[in-house]
Amino acid sequence: KAGVTQTPRYLIKTRGQQVTLSCSPISGHRSVSWYQQTPGQGLQFLFEYFSETQRNKGNFPGRFSGRQFSNSRSEMNVSTLELGDSALYLCASSSIAGGIADTQYFGPGTRLTVL
Amino acid sequence: LAKTTQPISMDSYEGQEVNITCSHNNIATNDYITWYQQFPSQGPRFIIQGYKTKVTNEVASLFIPADRKSSTLSLPRVSLSDTAVYYCLVALLNNNDMRFGAGTRLTVKP
């Protein structure tokens with residue numbers, strides 16, 4: 001079974017721009033969660049989607065948004081980028097709803113650099 | 001809100017048992033604790049999960065005392081390839097929130 005895939009792997013943007021990251025979960029998995037990882041703040045939960053609905057949300061500003069498609073693929077969007085948004089963005093999928101209590105399988109991440 | 005705390009780093013030698021403790025106050029009886037391993041340039045990888053007493057799988061054990069204020073990941077007979085960062089995650093089911101620890105960098109020496 002193929003693992004979680006994320007595209008692109010690396011991205012460079014400038015302040016004020018917006019960015020869209022993509023995640024394809026493991027086949028059959030319906031829950032997709034997004035995380036931000038930085039050296040200073042560590043791993044922080046952004047949000048979780050299940051069946052095209054956002055079920056859980058972390059403590060991030062509204063500039064961070066996401067969506068999930070009918071095939072369970074998910075996208076994450078960050079608008080009006082700030083320097084502090086530079087991070088590794090990780091996507092994880094799990095097979096059942098309530099992914100926070102289920103085993104999550106992480107992708108390799110998208111490294112976003114904001115200049 | 002629950003705060004998840006781990007040691008920043010640990011050193012060990014090949015063949016030793018390593019125990020990494022995560023402190024997490026104010027968690028409910030049904031909140032899950034999960035441990036992940038992360039190598040450079042990779043996403044975290046699931047190691048073990050539990051919510052009470054003891055859980056064991058083929059790679060690790062997880063001990064959760066009755067007061068649930070901490071949990072311990074036990075890695076038996078570590079090897080050089082176990083050098084990685086280990087994260088403790090508490091899933092707060094009532095709050096639908098997840099709290100990662102800052103990670104423990106384990107270095108296994110020959």
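What you are looking at is a predicted structure, and each value in this text was computed from that prediction instead of being measured. (Residues numbered from 1 in each chain as written. Chains lettered and ligands numbered in written order. Predicted model: local features only at pLDDT ≥ 70, side-chain atom pairs only at ≥ 80, totals over all residues. Heavy atoms only, no water.)

(A) Structural view of the overall build of chain A. For chain A, the count of helices and strands is zero helices and 11 strands. Whereas a compact globule of 115 residues would reach a radius of gyration of roughly 13 Å, chain A reaches 13 Å, a difference of no more than 12%. Structurally, chain A occupies a C-alpha span of about 35 × 25 × 25 Å along its principal axes. Counting only residues that meet the buried cut, chain A has 51% of its 115 residues in that class. Of all intrachain contacts in chain A linking residues separated by at least 6 positions in sequence, the fraction that spans at least 24 positions is 55%. Just so you have it, chain A exposes about 5,200 Å², and 48% of that area is on carbon and sulfur atoms. (Helix = DSSP H or I, 4+ residues; strand = E, 2+ residues; numbered from the N terminus. Rg over C-alpha atoms; globule rule 2.2 N^0.38 Å. Buried < 20%, exposed > 50% of the residue type's maximum accessible area, 1.4 Å probe, protein only. Contact = heavy atoms within 4.5 Å. Areas by Shrake-Rupley, 256 points an atom, 1.4 Å probe, with all protein chains shown as cover.)

(B) Inspection of the overall build of chain B at higher detail. When helices and strands are tallied, chain B shows zero helices and 11 strands. Listed N to C, the secondary structure of chain B is β-β-β-β-β-β-β-β-β-β-β in terms of helices and strands. For 110 residues, the compact-globule estimate of 2.2 N^0.38 gives 13 Å, and the C-alpha radius of gyration of chain B, at 13 Å, lies within 12% of that figure. By its C-alpha atoms, chain B is 45 × 30 × 20 Å across when sized along the principal axes. Taken over 110 residues, chain B has a buried fraction of 45%. Long-range pairs, those at least 24 residues apart, make up 56% of the contacts in chain B between residues at least 6 apart in sequence. With the model as given, the accessible surface of chain B reaches about 5,600 Å², and the carbon-plus-sulfur share is 50%. Within chain B, one finds 10 positive and 8 negative side-chain charges whose respective centroids are separated by 4 Å. (Lys, Arg positive; Asp, Glu negative; His and termini not counted. Charge placed at Lys NZ, Arg CZ, Asp CG, Glu CD.)

(C) The sheet that holds strand β7 (residues 64-68) of chain A, seen in detail. All names here are of chain A. Here four strands make up an open sheet; going across it, the order is β1-β3-β8-β7 and the pairing antiparallel. Taken across any chain shown, the strands that pair with only one partner, and hence form the sheet edges, are β1 (5-7) and β7. For this sheet the average axis-to-axis angle between neighbouring strands, irrespective of direction, equals 20°. Pairing analysis gives five bridges linking β7 to strand β8 (residues 74-78), with the strands arranged antiparallel. Of the residues in β8, the one forming a bridge with G66 is M76. (Pairing = 2+ DSSP bridges. Axes fitted to C-alpha atoms, helices over the stretch in contact; angles between N-to-C directions.)

(D) Representation of the interface of chain A and chain B in the model. Every contact between the two is made by 16 residues of chain A and, on the other side, 18 residues of chain B. Contact between chain A and chain B buries roughly 1,500 Å² in total, counting both sides, with carbon and sulfur atoms accounting for 60%. At the boundary of chain A and chain B, one finds zero salt bridges. Here chain A and chain B share three residue pairs in polar contact (both at pLDDT 80 or more) between them. Put simply, the parts of the chain that give the side of chain A that touches chain B at least two residues each are β4 (31-38), β5 (42-50) and β9 (87-94) of chain A. (Buried area = accessible area lost by both parts, 1.4 Å probe. Salt bridge = Lys/Arg side-chain N within 4 Å of Asp/Glu carboxyl O. Polar contact = N/O pair within 3.5 Å; in protein donor to acceptor, adjacent residues only side chain to side chain.)

(E) Quick peek at the sheet that holds strand β1 (residues 4-5) of chain B. Residue and element names in this part refer to chain B. Taken in spatial order, the five strands make up an open sheet running β1-β3-β8-β7-β6, and their pairing is antiparallel. Looking at strand neighbours, the two that pair on one side only are β1 and β6 (53-56), the edges of this open sheet. Pairing of strand β7 (residues 61-64) with strand β8 (residues 70-75) involves three bridges; the strand directions are antiparallel. Looking across to β8, one finds that F63 is bridged to T72.

(F) Looking closely at the state of the cysteines. All names here are of chain A. A full pass over the atoms with the stated rule returns two disulfides over all chains. Two residues share a disulfide in this structure: C23 and C91, whose sulfurs sit 1.7 Å from each other. Taking the sign of the S-S torsion, -55° for the link of C23 and C91, the bridge is left-handed. Pair noted here: C23 is in strand β3 (residues 19-24) and C91 is in strand β9, with a separation of 68 residues, a long-range link. (Disulfide = S-S within 2.5 Å.)

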